[in-house]
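Secondary and tertiary structure notes
What follows is each chain in one-letter form.
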Amino acid sequence: MGPFFFMASCKKKTANQKNIVAIWNIVEFQAPDMNSTAMAAIQQSSNTSEFTKKGAIIMTVGGEKMEGTYTTDENVSSITATISGNTSNYAISNYSVSGMTISSDKDMMKLSK
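Below, the structure is looked at part by part. (Residues numbered from 1 in each chain as written. Predicted model: local features only at pLDDT ≥ 70, side-chain atom pairs only at ≥ 80, totals over all residues. Heavy atoms only, no water.)

**Structural notes on the layout of surface pockets**
- In this structure, the largest pocket spans a volume of roughly 580 Å³.
- What lines the largest pocket is a set of 25 residues, among which Phe29, Met59, Met66, Ile83 and Tyr90 lie closest to the centre.
- Taken together, the elements giving at least two residues each to the lining of the largest pocket come down to β2 (48-51), β3 (56-61), β4 (64-72), β5 (78-83), β6 (86-96), β7 (99-103) and β8 (108-112).
- Across the lining of the largest pocket, the residue classes tally to 16 nonpolar, seven polar and two charged. (1 Å grid on protein atoms, 1.4 Å probe; cavity = no way out; pocket = protein on both sides within 12 Å on 5 of 7 lines; lining within 4 Å. Points joined across faces, edges and corners; volume = space filled by probe spheres on them. Helix = DSSP H or I, 4+ residues; strand = E, 2+ residues; numbered from the N terminus. Nonpolar A, V, L, I, M, F, W, Y, C, P; charged D, E, K, R; others polar.)

**Considerations on the sheet that holds β7**
- Read around the barrel, eight strands follow the order β1-β2-β3-β4-β5-β6-β7-β8 and close on themselves; strand pairing throughout is antiparallel. Going across the sheet, the axis of each strand differs from the next one's by a mean of 30 degrees, ignoring polarity.
- The pairing of strand β1 (residues 22-30) with β2 spans four bridges and is classified as antiparallel. Bridge assignment links Ala22 to a residue of β2, and that residue is Phe51. (Pairing = 2+ DSSP bridges. Axes fitted to C-alpha atoms, helices over the stretch in contact; angles between N-to-C directions.)

In structure tokens, the structure reads:
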């Protein structure tokens, strides 16, 4: 179990998985279930989402900082994030080294570097 487990946990990241590591600006945010006061606060703030090399995610949205962990598939077409104990799966579309869209059933964020 020793060497195999170590090799499995050290799987090389793809170029896309490496490129996601950055501080991204949230340039558009849509959450239909969010009240209008909260949405206005978010739209008037500088919002970011940071993905680290070690799998941490740090989001600052509407002045609130949230931290957790994330994983992506090899093609960076989906992301699983755990923030404040809540795990969610998101689809990633329009991915490039300078931008991407992350969405769930209802919510959507457009990110750019």
